Amino acid sequence: MARIRLPLQNLSRAFLEVVEQSAIAAARTMGIGDREFSDQAAVEVMRKIMDSVPMKGTIVIGEGERDKAPMLYIGEKVGKHKDITKGEQIAHEVDIAVDPLEGTNLCATGAPGAITVLASSEKGGLLNAPDCYMEKIIVGPSSKGVIDIDASVKDNLRAIARRLDRDVENLVVVVLDRPRHAQLIQDIRAAGARIRLISDGDLSAGISVALRGTGVHAVMGIGGAPEGVLTAAALRCLNGEILARLVVKDEEQAERMKNMGIRDPSKVYATTELASGKNIIFAATGVTDGTLLKGVRFFGDGTRTQSLLMNLANRHVRFVDTVHLAQRPDISVRL
Ligand code: VTB
């Protein structure tokens, strides 16, 4: 029986299409004030396009548990070759993590920073994190190796500042604006750093800290665990670092973690433990304008999207500006 072999670049290109199309669908719902509707728009298109991708994929991070999410649930098989049996095993058996619309509220209110996200790796290369909270500290390449999740905020900020050759006063730390972060915010202020409070979107913030010129230098605090794994996948491609620890809310979550094979819930995860894969591909498209990516622009004759497409194996970081033209022969493209 013939084995189907495809170059990995094909997957990158296909994933780009997945995040672009889901961003366009979500952006159409911008500002209508219904976060679930926006999310659903992104999920449906992401699921549909994903099924045209030549792969046998398994969702390891998605919209939730099988019984709670109708689409893109954990364990769902996706891709054009999802039904292929073992005998005709294909080259691209991949694990997939998605956040079809990171920042559903942002999209629903037209606020900056909503993105669509997909990461993939060879089997087993992305942590199957439960849908719980995660304590995180995220830095860019220059501060790799100097942070410690158990050190004081002040010590971490001093170490980051030293590596960035500046005073703590010149650092900007991104923190999710939540009551649970009152003490953290106080500690950052006491240390002298500046703060950017965000209402949602610690994933795009985490990617931003690994890119020079974005003006943000660290992300600290508690956000979603799935977002933490996706952040790690991006940081592998950008040489950044995340240290993280799952936050166990109650007995039910503790039980769930045990069932997922997490033996020590207090373990500190490094970037390479959250996203251990060798063949990581990361794709994200802006939905609303943000620090990281421009949002989708509808210009009548077509649509323009901006995406980040990264491939760990070939060390490519691509910023992709795509013009999706309407089907008319007389349309011009602006530079
Ligand atoms: C973060 C953020 C997400 O959830 O992970 C956050 O990145 C954490 O959850 O965009 P709470 O909202 O419960 O604090 C989001 O804000 C939404 O999923």
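Residues numbered from 1 in each chain as written. Predicted model: local features only at pLDDT ≥ 70, side-chain atom pairs only at ≥ 80, totals over all residues. Heavy atoms only, no water.

1. Focus: the nonpolar core
Phase 1: One finds I207, L246, L274 and F282 to be the most contacted residues of the largest nonpolar core, which totals 49 residues.
Phase 2: Among the elements that line this core, the one with the most residues is helix 7 (residues 225–238), at 9 residues.
Phase 3: Split by domain, the residues of this core number at least three in each of domain 1 (4–126 + 280–325) and domain 2 (133–274).
Phase 4: Not counting the four nearest positions on each side in its chain, I207 is found in contact with A234, L238, F282, L292 and L308.
Phase 5: Judged by nonpolar contacts, the second largest core, of 23 residues, contains L16, M46, M50 and A283. (Core = buried A, V, L, I, M, F, W, Y, C linked by side-chain atoms within 4.5 Å. Buried < 20%, exposed > 50% of the residue type's maximum accessible area, 1.4 Å probe, protein only. Helix = DSSP H or I, 4+ residues; strand = E, 2+ residues; numbered from the N terminus. Domains from an automatic or database assignment. Contact = heavy atoms within 4.5 Å.)

2. Digging into the site of the ligand
Phase 1: In the region of the ligand, the neighbouring residues are E102, G103, Y133, L176, R178, R180, D200, G201, D202, G223, G224 and E227.
Phase 2: At a separation of 2.5 Å, an oxygen atom of the ligand approaches a polar side-chain atom of D200.
Phase 3: Here an oxygen atom of the ligand sits 2.4 Å away from a polar atom, N or O, in the side chain of D202.
Phase 4: Here the ligand has 410 Å² of accessible area as a free molecule, and 77% of this is covered by the chains.
Phase 5: For the shell around the ligand, a count of residues per class yields 2 nonpolar, 4 polar and 6 charged. (Near = heavy atom within 4 Å. Polar contact = N/O pair within 3.5 Å; in protein donor to acceptor, adjacent residues only side chain to side chain. Areas by Shrake-Rupley, 256 points an atom, 1.4 Å probe, with all protein chains shown as cover. Nonpolar A, V, L, I, M, F, W, Y, C, P; charged D, E, K, R; others polar.)

3. Digging into unusual backbone geometry
Phase 1: Phi at L72 takes a positive value of approximately 55 degrees, unusual for a residue other than glycine.
Phase 2: When its relative accessible area of 0% is taken as the criterion, L72 is described as buried.
Phase 3: The phi angle at D165 is positive, at roughly 55 degrees, despite the residue not being glycine.
Phase 4: Relative to the helices and strands, D165 resides in the loop between helix 4 (153–163) and strand 6 (172–176).
Phase 5: Judged by its relative accessible area of 71%, D165 is exposed.

4. Some points on helix 5 (residues 182–191)
Phase 1: For helix 5, the complete set of buried residues consists of L184, I185, I188 and A191. Buried residues in helix 5, looked at end-on, bunch into an arc of 125 degrees, giving them a common side. Of the exposed residues in helix 5, the ones pointing more than 90 degrees away from its buried face are R189 and A190.
Phase 2: The elements touched by buried residues of helix 5 are helix 4, strand 6, strand 7 (194–198) and strand 8 (218–224).
Phase 3: Of the residues trailing helix 5, G192 is marked for its positive phi of about 105 degrees. (Arc of directions from axis to C-beta.)

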